[in-house]
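Reading the structure
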Amino acid sequence: MVQGVRIVVSDDLERSRLTVFFRLLLALPHLIVLGLVAGAAMILAPVAWLVALILGRLPEGLHDFYARVVVYGVHVYAYLYLGANPWPPFMGEGTYPVDVTIPPPERQSRWSIGFRLLLALPALLLSGALGAGSFTTSLSFYAVGLGAAPIVAFLAWFACLARGRMPRGLRDLLAYALGYGAQAAAYSLLLTPRYPDSHPALAEPAPLPPHPIALDAPEDDLRRMRLLVFLRLPLCTPHFVWLALWSVVAVPVVVVGWLAALITGRLPAALHRFLTALVRTQAQVNAYFSLASELYPGFTGGRALPVDVRVAPPEPQPRWTVLLRVILALPALFLAGAVNGAQTFAMFFGWFVALFLGRMPAGFRALQLYAVRYQAQLVGYLVLLTARYPFSGPGRQDR
Amino acid sequence: MRRALSILGVLLLGAAVAWAAIALWDTTVPGDLKLPALDPADHFESGALREAESYTRFSIVVFLLAQVAAIAVLFVYVRRGPGLMRKSAAGPLGTGFFLGMVGTGLVWMAQLPFEIAELAWARDHDIVRTNYLELILGGWLGLGGRFVGVCVTLAVAMGLAKLVRNAWWVPAAIAFALVTLVLAFVAPLLLSGLEKPSPALRQAAERIAAKEGVHDVPLRVQPIRDLTPTPNAYAVGLGPTRKVVLWDTITFFPPREVRTAIAHEYGHQARHHILKEVIWYLLIALPSGLVLALVLRRRGGIARPEAIPLALLVFTLVSLAALPVRSAVSRHYEAEADWEALQVTRNPGAFAALFRDFARVGADDPDPPGWFHWLADDHPSALERIAMARAWAERNGKVVP
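Anyway, here's the lowdown on the structure attached to this text. (Residues numbered from 1 in each chain as written. Chains lettered and ligands numbered in written order. Predicted model: local features only at pLDDT ≥ 70, side-chain atom pairs only at ≥ 80, totals over all residues. Heavy atoms only, no water.)

1. Concerning the overall build of chain A
- When helices and strands are counted, chain A shows 13 helices and six strands.
- In terms of overall size, chain A behaves like a compact globule, its C-alpha atoms giving a radius of gyration of 22 Å where 399 residues would be expected to give roughly 21 Å.
- With respect to the principal axes defined by its C-alpha atoms, chain A has extents near 70 × 55 × 45 Å.
- Residues counted as buried form 53% of the 399 residues belonging to chain A.
- For chain A, contacts bridging at least 24 residues in sequence account for 76% of all contacts bridging at least 6.
- Accessible surface for chain A amounts to roughly 17400 Å². Of this, 72% is attributable to carbon and sulfur atoms.
- Both charge centroids of chain A, one from 31 positive and one from 19 negative side chains, sit 6 Å from each other. (Helix = DSSP H or I, 4+ residues; strand = E, 2+ residues; numbered from the N terminus. Rg over C-alpha atoms; globule rule 2.2 N^0.38 Å. Buried < 20%, exposed > 50% of the residue type's maximum accessible area, 1.4 Å probe, protein only. Contact = heavy atoms within 4.5 Å. Areas by Shrake-Rupley, 256 points an atom, 1.4 Å probe, with all protein chains shown as cover. Lys, Arg positive; Asp, Glu negative; His and termini not counted. Charge placed at Lys NZ, Arg CZ, Asp CG, Glu CD.)

2. A short note on the sheet that holds strand β2 (residues 233-236) of chain B
Residues and elements named next belong to chain B.
- Strand order across the open sheet formed by three strands is β1-β3-β2, with mixed pairing between neighbours. Pairing within the sheet leaves two strands with one partner each, and these edge strands are β1 (219-222) and β2. Between one strand axis and the next, the sheet turns through 25° on average, direction left out of account.
- Sheet analysis places β1 next to strand β3 (residues 243-247), joined by four bridges and oriented parallel. In the sheet register, V221 faces β3, and the bridge partner there is L246. (Pairing = 2+ DSSP bridges. Axes fitted to C-alpha atoms, helices over the stretch in contact; angles between N-to-C directions.)

3. Quick look at helix α10 (residues 269-289) of chain A
Residue and element names in this part refer to chain A.
- Here α10 is 21 residues long and its end C-alpha atoms lie 30 Å apart, about the 30 Å a rise of 1.5 Å per residue gives.
- By the criterion of burial, α10 is predominantly enclosed, with 15 of the 21 residues buried.
- Where α10 ends, the next residue or the one after it, L291, has phi of about 70°, a positive value. (Expected span 1.5 Å × (residues − 1).)

4. Brief notes about the side chain of H211(A)
Residue and element names in this part refer to chain A.
- Along the chain, the position of H211 falls in the loop between α7 (168-188) and β5 (213-216).
- Only 3.0 Å separates the side chain of H211 from the backbone nitrogen of I213, close enough to count as a polar contact.
- Discounting residues that sit within four places of it in the chain, H211 has contacts with Q377, T386, R388, Y389, P390 and F391. (Polar contact = N/O pair within 3.5 Å; in protein donor to acceptor, adjacent residues only side chain to side chain.)

5. Section: a nonpolar patch on the surface
Residue and element names in this part refer to chain A.
- Nonpolar side chains collect at one region of the surface, where L18, F21, F22, L25, L26, L28, W87 and F90 lie side by side and expose about 760 Å² of accessible area between them.
- At the level of secondary structure, the elements contributing two or more residues to the nonpolar patch comprise α1 (17-21) and α2 (23-55).
- Per-element accounting of the nonpolar patch gives the leading share, three residues, to α2. (Patch = residues over 30% accessible without salt bridge, like charges linked within 9 Å, V, L, I, M, F, W, Y side chains within 5 Å. Salt bridge = Lys/Arg side-chain N within 4 Å of Asp/Glu carboxyl O.)

Right, here's the structure in full:
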């Protein structure tokens, strides 16, 4: 049985405001040491690769060294990004509230070792989108795309300073991102033959808190018809056009709803129905487009699909949150950008995998479902379907 | 009684279509004009002629194979397509869209190898400079636009079939003609990268337009030489959006030939050919819709999604059957625009030279096989055009080119 790299979270969400305020400065010594150790690991990598290619496994000494680098990296970044409170031990010694377990050395296919860097590329790119971000360059073009982790840290910094506590959703998302990054690093560094799995359940998150906008997504057989996978983008184009037109109509509806909710303290039922249909159709199309669902969705959101969002009936909303809704939604919008980035990577690679194998990897599907749910909650919050803030962390139900 | 009324209605409609077709066929080309029989060898170099013949022969084979592939795929799709309904949760209308799009996608995939072969052939003859990735990726991405068109078309047809049942094809044909009219109107507004012509070219165009009685129709130049060296020009738009566009590849031709090309395109505008072609579209859509409706009745009508694969097949066959009519109409109007150009420029030598150059640079067979010319050529052949120039010259006492 091939064992995987697992993230283990025992963090209690409590944060010291003082260390949060100075977090970047406090993390500097660790970042320097980690940089030196990671540099040494990179220099050693060709030797390790050659030895592993000959032996069919990584020697124990090298395995331990690389395992320590990965564990230490998780500790340091968990601390830097506010995923944990205590100052981490050097070189991954001892335990930490956001920790990672690395399986012992094992035999690996030489083919897989030989092409490891190439094979790891999609996982590393996805890890970049979830983690620190990506840097793109060409002769005339530079672009830096922030990943989910720095955005989480940026938002969490304010939240922790204000409340002395890390929001659970942000912590869970960070743990998930770090866990995936650890898997990708371990795979690239030949610590495990197991390909990184983007399934949020591997980070063992708690169940999602109750939310008026919830995702229904039972497990499916993951089989995908290659013809429909190949045509997925063009098949969704009419939906995109339709949704764009619908959104144009929705803008004045939301404005009217906003005024009504300001006066009455709730969204009128007719507007709620109209906007619910929009949010459901968006989610259904998003799920279909990202290959999380195999069933072609309708255009009106009227039918319940296997992958669908449930929207609770209109509820009273505090008027001040209605008044400031767009401003309040800004952090979630910011985070949604990073989640979209990760979703796009997973969609891109998932498309190729599904085209070749006729199957959607369960991890990619779960990541898509998480993104679908988060975006539905965000749009629902923006258009006043609910006063409940979108839950940013992945949950057990995102499967 | 109802059946008799329906038949009577169809007969009346048929008579109206025939009357409109006769009216639209009216042309300024003299009815007694006899085109002389010409030998291509007298007008084209033998090497260029051989190359053009070989190029066209291959293109014809590829065209025919692509049609056969499309029909074969659709035959299979008629049997197996309805099984895909289990992959849709979009209701009858949405499932109809879904089956329509998948069928269209399958036809594209079946025809793609032939498109690639044609591109290879065209590249080999330096007719186009697009690469294979552009063809494949552009085609795949372009399916999105085509699918939107499929959905709109099916929404109209299926929606009307629910409203007026078996007579859906009449309002549907009118609706599609209206859509075509709107598209013809907005098409020039969607053209990007058009440039203003040089002052000399603009003045020449204004003089020609005035002679043809066309006002406020600007001339524009489209940079295209990075994609193809072949020359072309076209007239677009309706009413205030009308334009005449020259590819920049033609602006390198001798000025007298460029003026002839401009006069030809202003001839299209003067004779309202774009509007007439929209009306022809309606005249062809009506009987095509009738055939479609009659065939689909066996499958419960076009409103049922399971009938859509058959609808695609019948539509493809009817379109192929209507191809000679569409080609004949197009050739007829092209000939009229040729005549207008000759009347305005009064230079049959330049006219003949222009189409000799067109055939040479575009590797166009000046005298293609008669059956193919009848089936699918939407322009007169270069030899026919030279023959018209000669006929015009003889009538007007000019030097015969």
